[in-house]
Amino acid sequence: AECIVGDIAPSDNIPASEKHEMEQDAMRKISDLMTHSHPRTKERLLALYQEYEDRKTKEAIAVKDLDLLDMILQADEYEQRSCMRSHCSDGSASGS
């Protein structure tokens, strides 16, 4: 869904219900592209996405956790880049 709606961060101040609806709509658009593929591909894709969102299986939990880890690592990388640009000496982006 992120390929359509982008990576929505908490700092974007988008309500969770709105974010969820945007992502659901994006997944419907993506799955609609699958209609010419195997007949059940669209339904399977939507079911897997829902499984991921609901964290229904060990696999879904692992993938969701890896997505969160990716967000944390990106935030750390952005902070380090910001710090390098502002010449932080104490490791924080603000220099305090």
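Heads up: the structure comes first, above all this text.
Residues numbered from 1 in each chain as written. Predicted model: local features only at pLDDT ≥ 70, side-chain atom pairs only at ≥ 80, totals over all residues. Heavy atoms only, no water.

Colleague: Please explain the packing of helix α3 (residues 41–54) against helix α4 (residues 58–86) as it appears in this structure.
Modeller: How two helices pack is summed up by the angle between their axes together with the distance between the axes. Two numbers describe how α3 lies on α4: the axes approach to 8 Å, and their chain directions differ by 70°. When the axis of α3 is compared with that of α4, the two are roughly perpendicular. Between α3 and α4 lies a crossing of right-handed hand. Each of E51, Y52 and E53 in α3 lies in contact with α4, whose residues at this interface are A60, V63, K64 and D67. Considered class by class, the residues forming the contact of α3 with α4 number three nonpolar, no polar and four charged. (Axes fitted to C-alpha atoms, helices over the stretch in contact; angles between N-to-C directions. Helix = DSSP H or I, 4+ residues; strand = E, 2+ residues; numbered from the N terminus. Parallel < 35°, antiparallel > 145°, perpendicular 65-115°, else oblique. Left-handed = near helix turned anticlockwise from the far one by under 90°. Contact = heavy atoms within 4.5 Å. Nonpolar A, V, L, I, M, F, W, Y, C, P; charged D, E, K, R; others polar.)

Colleague: Got a minute to help me understand the environment of R28 in this structure?
Modeller: Of note, R28 is situated in helix α2 (residues 16–32). Placed 21 residues apart in sequence, R28 and D7 show a C-alpha to C-alpha distance of 17 Å. Setting aside chain neighbours within four positions, we find R28 in contact with E21 and L46. Among the polar contacts made by the side chain of R28, one reaches the side chain of E21 at a distance of 3.0 Å. (Polar contact = N/O pair within 3.5 Å; in protein donor to acceptor, adjacent residues only side chain to side chain.)

Interpretation note: all reported values are geometric properties and have no functional meaning in isolation.
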